[in-house]
Number of protein chains: 2
Amino acid sequence: MMNTQEILIQAKRESNKAPYSTEEKNTALRAMAKALIDHTDDILSKNKIDIENAKNKISEVMLDRLYLDASRIKDMAKGILDVSKLPDPTGRILSTHTLENGLIVNKISVPMGVIAIIYESRPNVTSDAAALTIKAGSVCILRSGKEAWNSANAIVKALQEGLENVGMSKNRIHLIEDTTRQSSYDLMKANGYVDLLIPRGGKGLIQSVIQNATVPCIETGTGICHIYVDKDANLDKAVKIIENAKTQRPSVCNAEEVCLVHKDIAQDFLPKLKEVLVEQRKAQDKIPVELRLDPIAHQIIDGTLATDEDFDTEFLDYILAIKVVDSIEEAIEHIQEHSTHHSDAIISENEQAQTKFSSTIDSAAVYINASTRFTDGGVFGLGCEMGISTQKLHARGPMGLEELCTYKYIIKGNGQIRE
Amino acid sequence: MMNTQEILIQAKRESNKAPYSTEEKNTALRAMAKALIDHTDDILSKNKIDIENAKNKISEVMLDRLYLDASRIKDMAKGILDVSKLPDPTGRILSTHTLENGLIVNKISVPMGVIAIIYESRPNVTSDAAALTIKAGSVCILRSGKEAWNSANAIVKALQEGLENVGMSKNRIHLIEDTTRQSSYDLMKANGYVDLLIPRGGKGLIQSVIQNATVPCIETGTGICHIYVDKDANLDKAVKIIENAKTQRPSVCNAEEVCLVHKDIAQDFLPKLKEVLVEQRKAQDKIPVELRLDPIAHQIIDGTLATDEDFDTEFLDYILAIKVVDSIEEAIEHIQEHSTHHSDAIISENEQAQTKFSSTIDSAAVYINASTRFTDGGVFGLGCEMGISTQKLHARGPMGLEELCTYKYIIKGNGQIRE
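Here the residue numbering is sequential within each chain, running from 1 through the sequence in written order. Chain letters and ligand numbers both follow the written order, the letters beginning at A and the numbers at 1. In keeping with the predicted nature of the model, local features appear solely for residues at pLDDT of at least 70, side-chain atom pairs appear and are counted solely at 80 or more, and the whole-chain, interface and lining totals rest on all residues. The side-chain quantities take in all heavy atoms of the structure and omit both hydrogens and water.

**Some remarks on helix H11 (residues 263-283) of chain B**
Side chains that are three or four residues apart share a direction in an α-helix, a result of its 3.6 residues per turn. Residue and element names in this part refer to chain B. A helix here means a DSSP run of H or I that spans at least four residues, while a strand means a run of E at least two residues long, and both kinds are numbered starting from the N terminus. A helix is expected to span 1.5 Å multiplied by its residue count minus one. Taking 1.5 Å as the rise per residue, H11 with 21 residues should run 30 Å; its terminal C-alpha atoms sit 29 Å apart, in good agreement. Most pronounced at Phe269, the bend in H11 amounts to some 45°, and the proline Pro271 follows within four residues. Within the span of H11, buried status applies to Ile265, Ala266, Phe269, Leu270, Leu273, Lys274, Val276, Leu277, Val278 and Arg281. Contacts: residue pairs with any heavy atoms within 4.5 Å of one another. Check the buried side of H11 and you find it contacts strand E7 (225-229), helix H10 (235-247), strand E8 (256-262), strand E9 (290-293), helix H12 (295-300) and strand E11 (319-325). Bend at a given residue is defined as the angle between two axes, one fitted to the seven residues that end at that position and one fitted to the seven that begin there. Note on classification: 1.4 Å probe, protein chains only; a residue is buried when its accessible area is under 20% of the maximum for its type, exposed when over 50%, partly exposed between these limits.

**Brief notes about the pattern of salt bridges**
For this analysis, a salt bridge means a side-chain nitrogen from Lys or Arg found within 4 Å of a carboxyl oxygen belonging to Asp or Glu. According to the stated counting rule, one finds 48 salt bridges over all chains in the structure shown. With a closest N to O distance of 3.9 Å, Arg418 of chain A and Asp376 of chain B form a salt bridge. Of the two residues, Arg418 of chain A is situated in the segment after strand E16 (405-416) and Asp376 of chain B in the loop between strand E13 (365-370) and strand E14 (388-389); the pairing between them involves two chains. In this structure Arg418 of chain A comes out as partly exposed when scored by relative accessible area, which is 22%. As a salt-bridge pair, Lys246 of chain B and Glu257 of chain B come within 3.0 Å of each other at their nearest N and O atoms. Taken together, the residues span a long stretch of sequence, with Lys246 of chain B in helix H10 and Glu257 of chain B in strand E8 at a distance of eleven residues. In terms of burial, Lys246 of chain B and Glu257 of chain B fall into one category: buried.

**Focus on the relation of the copies chain A and chain B**
One copy of the chain maps onto the second through a rotation around an axis plus a translation along that axis. Alignment of copies: least-squares fit on C-alpha atoms of residues with pLDDT of at least 70 in both copies. For these two chains of identical sequence, chain A goes onto chain B by a turn of 180° and a shift of 0.0 Å along the axis, with RMSD 0.0 Å. Such a combination of turn and shift is consistent with a two-fold rotation axis. Every residue of chain A has its C-alpha some distance from the rotation axis, and the shortest such distance is that of His394 of chain A, at 1.9 Å. When the interface residues of chain A are mapped onto chain B, 100% of them again lie at the interface, so the same face is used by both copies.

**Comments concerning the interface of chain A and chain B**
You'll often see interface size given as the accessible area lost when the parts meet. Contacts between chain A and chain B engage 75 residues on the former and 75 residues on the latter. Once two parts are brought into contact, the accessible area they lose, counted with a 1.4 Å probe and summed over both, makes up the buried area. Here chain A meets chain B over a buried area of about 6100 Å², counting both sides, of which 53% is carbon and sulfur. At the junction of chain A and chain B, the tally comes to six salt bridges. Taking the shortest distance from any N to any O, the salt bridge between Lys392 of chain A and Asp195 of chain B comes out at 3.3 Å. Definition of a polar contact: a pair of N or O atoms within 3.5 Å, with one able to donate and the other able to accept a hydrogen when the atoms are protein atoms, and with sequence-neighbouring residues admitted only if both atoms are side-chain atoms. Viewed at the interface, chain B and chain A are joined by 45 residue pairs in polar contact (both at pLDDT 80 or more). Of all the secondary-structure elements, those providing two or more residues to the side of chain A that touches chain B are strand E2 (104-111), helix H9 (203-212), helix H10 (235-247), helix H14 (351-360), strand E13 (365-370) and E16 of chain A. Looking at which element gives the most residues to the side of chain A that touches chain B, the answer is E16 of chain A, with eleven residues. Put simply, Ala, Val, Leu, Ile, Met, Phe, Trp, Tyr, Cys and Pro go in the nonpolar bin, Asp, Glu, Lys and Arg in the charged bin, and everything else, Gly too, in the polar bin. Looking at side-chain class alone, the side of chain A that touches chain B contains 33 nonpolar, 26 polar and 16 charged residues. Being paired, for any two strands, means DSSP has found at least two bridges between them. Where E13 of chain A and strand E16 (residues 405-416) of chain B come together, five bridges link them in parallel fashion.

**Side note on the side chain of Asn153 of chain B**
All names here are of chain B. Considering the arrangement of structural elements, one finds Asn153 in helix H7 (residues 149-165). Of the residues examined, Asn153 reaches a relative accessible area of 12% and is grouped as buried. Look past the residues within four positions of Asn153 in its chain and what remains in contact with it is Met1 and Leu175.

**Regarding the pairing of strand E11 (residues 319-325) of chain A**
All names here are of chain A. For E11, the buried fraction is high: six of the seven residues fall into the buried class. Sheet topology places strand E8 (residues 256-262) next to E11; five bridges connect them, and they run parallel. Bridge assignment links Val261 to a residue of E11, and that residue is Val324. Across four bridges, strand E9 (residues 290-293) lies against E11 in parallel orientation. Residue Leu291 lies in a different strand from E11, and its bridge partner there is Leu320.

So, in structure tokens, the structure goes:
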């Protein structure tokens, strides 16, 4: 195995080579998928070691994320094949023009170079991230959480074998051996070697990257998503959308955490909402949603009295903070200040209100009369997803293959000089 | 005046408001240009203070950059008017598609939010940066070098008066009062307030931003630009292009610093190059170029023997490092390793060599048979330039108005929920 510094040097050297063609990359992806299936037994035996080591140390949910079986490996291989079928994001002419002096200036999409990904204990991220990076023409450096390291190592060995089987260098996919904090730190400071660093995981990991990275990185993930129910909302629609956004899968970043309700319809709306989120769910033996209410909402329906903190918390659970607002302006102001700018929605039949909201709210995805749960690379037509950016530089919202690329200018002349 | 923290709060609050229309922004720019002219006397008297304070402390070149007169202020005003005539970079529909369930997903270019610019002693950067930011729909925070602060303050006051004359908030343009390092540091760490930080200045400033910023930033500037003269080069073209790239304006980032010459033509080419860069310039009473030669070039022509460092130095002067290479592969490898990835060129009549070079070299601008001096926002058709990015995230090469914007998704439905 190579140490982190050696990996950085090898990765940069590899990315400095001439780019592979679309067909070469797709052939490699197919070979990676095949090698993954071929090595199922080995991967499962290494995964067993990770599971044994992790038992009693991590939660049941985390253990399930770590667990692999033959069917999950098949899914991972299918994921790689799916990526092989996506269009090549590189080599597109983004713009072209010819100057008066005859110079032709072409702006062309090209690979990013070296992409490092720091993630936690999901072994499937290993194959997903590697496949997307290969398709985007880049070299990837993977830094897996230590709980999943044996699984990740077995997966990477299989993927590298797949690359070599079709004559591509195995140096296009690297796994960092050191699973201490030091190796994450080394990647964050690897200026000149890492062109893009993407953290995939919880808030702690993401904040550590934002605070420490000197290489270009993308902030992903945290979603405090709002739904504002306007005075001109269709209340039935609003209830159904909020039920979906809050309860369909509360643990994900595009789930709703805060509901703002216009005062004119609060008296009507809040009991309807409580009926669906609390009473009906109880009757159906489902987990009821805990409502955390501001003082005005609390006068209308029963629930916990909310603290200020509840309006700045990503619950990722069956909890919803509710606040009554005097106007759409107050709703917008609240969202601009408290949102993580991931996904926010307005429910209103009033076109003026819709436009005011969608043009002013500064979030990656702004919804009109729909659930926030749709923020996803697949849904948005990107074909795949490397994460969801909540920053504004380079990529915003779901990151697909195009967002893993950069561009360069190629200028062709016949002796032109600048006067 | 407000302190830095107050400015950050005001700027974010301003950027959270509904965006201005194209016409409102253009009206504001025209008013800014007029106010600048109207306040010529005040700006010149404040500039005189800066000049007096700086005398004997900074070089003649720097003093000239700091110096303003009525004609330079007119140029600044004209620059603002030029920006008012450029197309609005926001509000463009970048992609649109309708899902099977009827959801319409639009990707739209929108303002970045708050853009902070840290720069040095050129007062014209103050009006340039403010104009571009206003046109891009963002709020700007300017942090001028202390030598130019009185000039910058007078300029900003005029620009703010222009904004207020047409009913736009003066909070769209801020100048930081504190000119100690602390205020730069405050901007670099202003997560949640600054959406994009751009350093404009020397290597020290840029490196300080890269090392310390936790807000998204763009690395600009440094150019160690290479020209490779291939064995199939037209040697007369090559001499003319290198003469232009090296001597037309050696102090700028797109000037050539290193020349690589294929061994097969070195014997022919190097004496021709020396004739033009050294002998002819001496005869014309121009500063001759100092040639720093690797051992093989040194056997062919006279000059200084180069050190390793000479091949990693941005001279910004009449100095050229020259190395003889065995092959195009060696040239590419050298450039990949030593370039700052700003602008690099190949001189060759061989199409295969041109393609190999342009597809492999990982630089913002790759030239075929033309001078590197063309890397410029105006030349590339961007209409203007906020700096030249040498990183790969978000913007690469010259940054125009589009590169100062981000995008968001606006998703319109009629009650869609996720299954």
